[in-house]
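Remarks on the overall topology
Each chain is listed here by its residues.
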Amino acid sequence: MSLSEHLEENIQHLKAALPLGVSFDFMTRDLLLGKTRAYFLGVNGFCKTEILQQIFSDLQDPLYMEDDLVENLQTYIRARLGYAQTSLSDSWEEIIRAVLSGPSALFVDGFDHAVLIDVRTYPTRGMAEPDLEKVTRGSRDGFVETLLLNANLIRRRVRSPRLCFSMHSVGTESRTDVAIAYLENTVNKELLDKISRTIDSLQVTSLTMGAKSLDELILPKRWWNPLPSIQITERPDVACSYLEEGHILLLVDNSPVVLILPCTIFQFTQSPEDYYNSPSVGTYFRLIRFLCIPVSLLLMPLFLLLTAFFPDFSQRWGLLSTENLAPERIFFYVLAVEFILDLFKYSSSLSSGKFSGSLSVVGGLIIGDIAVSLNWVSVEVLFYGAITLLASLSISGKEFSDALRLYRILLVFLTGFFGLPGFLSGLALVLLSAVTTPTFGGFSYFWPLFPFNRKALGRLLFRSPTPKAQPTRIWSRGKLKDD
């Protein structure tokens, strides 16, 4: 539906489409540009009031008006509005969407176009280092909930004329802004087109949880695939490094994270800390993180298998000091430790920093000591559970670590009920779940291990010196697969 040339009709349409006079955050103003009537509409808190005040002061200054009437709106705007980015629109849908997104609208009597004035500003918190991706050295900034600021953080680091931010809108009610960031000279064009089509075709009311909702919408998964299919980061330096390597970034307004496409399982083993240390030190800690993956997944199930079903082997290696423990008792010990450590980890992550130290004391000393005294757990099980927890916390990707946690619980249950056959069956199920994890575009989740690429795999396993680590070439992942 298009605008009318009569200002009163446009005002009545606005009152019917928006809760003007009911919702306190809508700002309206009747103006006179010489003798020409005008009407202003904006959202309080989304507009820079100082700039708007200067604009309207100039627009209504008699010295600016050689004639009493505005005869050519486009010429008038070009000559009078020099403080902000402006555009003309005659579409009600575009105008209302723009006003609700931040820009203001100016309706002038006698013209069937509105002037969109982009002097938007958003409430935002200060940029701080993400809690889940801390480094000992390096930048301390992180993405925030404002899309424009996140785009600025990327543009500040990648000052390439090939860097593009393609804007889309998702949600019939929320109309959430989603930006696709890519480098024109390195991006996979087919993958880019597929992402754009997928986002434009989403039929949802709103992105309730921001980037996480978009993650689940563009790549639905089955319940038996807990491994993450899309990498998420809160660090601009990490996002820009993947951008330079030909990846595509998805920025969602109101979300302090960026989605990275395409994704492989090896991306969750990487950490920016590797590149803020020397190559040898970075390689060492990277290999340590690789070792933490099997430790987090297999240590507790293997302990349960050897102590409960192979007691001779357990006694020979001293895995359990208490003799003649029934397999059911050991199984109960392992489940109790898993529950206690998960409860401790979950409560610590959600509690205020003022209480985290106290929780550490309570969890480590009081609960652990009393649990052993009450014969709910054994010292050995508590020790191996603590090592498992430390290994899980050492894995850089939180979602990846949580998925391993579910796999470990599955292995513990199958091993506790069925022994060695259950353990082997659980390993087969875990491998099957990992292999069938879907990826956007249908690329291999285990690239560059499959299909095998020796040089790319070497870059993932070992931290290369900076001259060799430059993204001088984009690794081929094969052809894009259709759904």
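See the structure printed just above.
Quick caveat: nothing in here was measured; it's all calculated off a predicted structure.

**Things to note about the packing of aromatic side chains**
Remark: the centre distance and the inter-plane angle together describe each pair of aromatic rings, the angle taken between the planes. Evaluated as defined, the whole model comprises 12 aromatic pairs. With centroids separated by 5.4 Å and ring planes inclined at 75 degrees, the aromatic side chains of Phe331 and Phe417 adopt a geometry described as edge-to-face. Linking Phe331 in helix α11 (residues 327-350) with Phe417 in helix α14 (residues 398-435), this pair joins segments that are 86 residues apart in sequence. The class of Phe417 is exposed, set by a relative accessible area of 55%. Aromatic side chains Phe383 and Tyr384 sit 5.4 Å apart centroid to centroid with 65 degrees between the ring planes, which places their arrangement in the edge-to-face category.

**What to know about the side chain of Thr233**
Considering the arrangement of structural elements, one finds Thr233 in strand β8 (residues 231-233). For Thr233, a relative accessible area of 1% translates into the label buried. Of note is the side chain of Thr233, whose polar atom sits 2.9 Å from the side chain of Glu133. Setting aside its immediate chain neighbours within four residues, Thr233 contacts Glu133, Phe143, Val238, Ala239, Pro256, Val257, Val258 and Ile260.

**Digging into the nonpolar core**
A general feature of soluble globular proteins is that nonpolar side chains tend to end up buried together. Residues Ile180, Ile195, Ile199, Leu214, Ile218, Ile248 and Leu250 are the most contacted members of the largest nonpolar core, which totals 27 residues. Elements represented by at least two residues in this core include exactly β6 (163-170), β7 (176-183), α6 (189-200), α7 (211-218), β9 (248-252) and β10 (258-261). By residue number, the principal contributor to this core is α6, which donates four residues. If near-sequence neighbours (up to four positions away) are discounted, Ile180 is found in contact with Cys164, Phe165, Ser166, His168, Leu192, Ile195, Ser196, Ile199, Ile248, Leu249 and Leu250.

**As for the sheet that holds strand β4 (residues 104-108)**
Overall, antiparallel pairing links the five strands, which are arranged β1-β2-β4-β5-β3 in an open sheet. The open sheet terminates on both sides in strands that have one partner only, identified here as β1 (26-33) and β3 (85-89). Sheet twist, expressed as the mean angle between neighbouring strand axes with direction ignored, is 20 degrees. In this structure, strand β2 (residues 36-43) lies alongside β4, joined through four bridges in antiparallel fashion. Bridge assignment links Phe40 to a residue of β4, and that residue is Leu106.

**Section: the sheet that holds β10**
The sheet built from five strands is open, its strands ordered β6-β7-β9-β10-β8 with antiparallel pairing. Lying at the two open borders of the sheet, with one neighbouring strand each, are β6 and β8. For this sheet the average axis-to-axis angle between neighbouring strands, irrespective of direction, equals 25 degrees. One ladder, built from four bridges, connects β9 with β10; its direction is antiparallel. The partner of Leu251 across the bridge, within β10, is Val258.

**Digging into unusual backbone geometry**
Cis geometry marks the peptide bond from Trp447 to Pro448; its omega dihedral reads 10 degrees. Its place among the elements puts Pro448 in the loop between α14 and α15 (454-461). Backbone torsion omega between Phe450 and Pro451 reads -10 degrees, so that peptide bond is classified as cis. Mapped onto the elements of the fold, Pro451 is located in the loop between α14 and α15. Phi at Arg175 is positive, roughly 50 degrees, even though this residue is not glycine. The topology assignment puts Arg175 in the loop between β6 and β7. According to the relative accessible area criterion, Arg175 is partly exposed, its value standing at 30%. For Asn254, which is not glycine, the phi torsion reads 75 degrees and is therefore positive.

How each quantity is defined
- Residues numbered from 1 in each chain as written.
- Predicted model: local features only at pLDDT ≥ 70, side-chain atom pairs only at ≥ 80, totals over all residues.
- Heavy atoms only, no water.
- Phe/Tyr/Trp six-rings, centres within 6.5 Å; stacked < 30°, edge-to-face > 60°.
- Helix = DSSP H or I, 4+ residues; strand = E, 2+ residues; numbered from the N terminus.
- Buried < 20%, exposed > 50% of the residue type's maximum accessible area, 1.4 Å probe, protein only.
- Polar contact = N/O pair within 3.5 Å; in protein donor to acceptor, adjacent residues only side chain to side chain.
- Contact = heavy atoms within 4.5 Å.
- Core = buried A, V, L, I, M, F, W, Y, C linked by side-chain atoms within 4.5 Å.
- Pairing = 2+ DSSP bridges.
- Axes fitted to C-alpha atoms, helices over the stretch in contact; angles between N-to-C directions.

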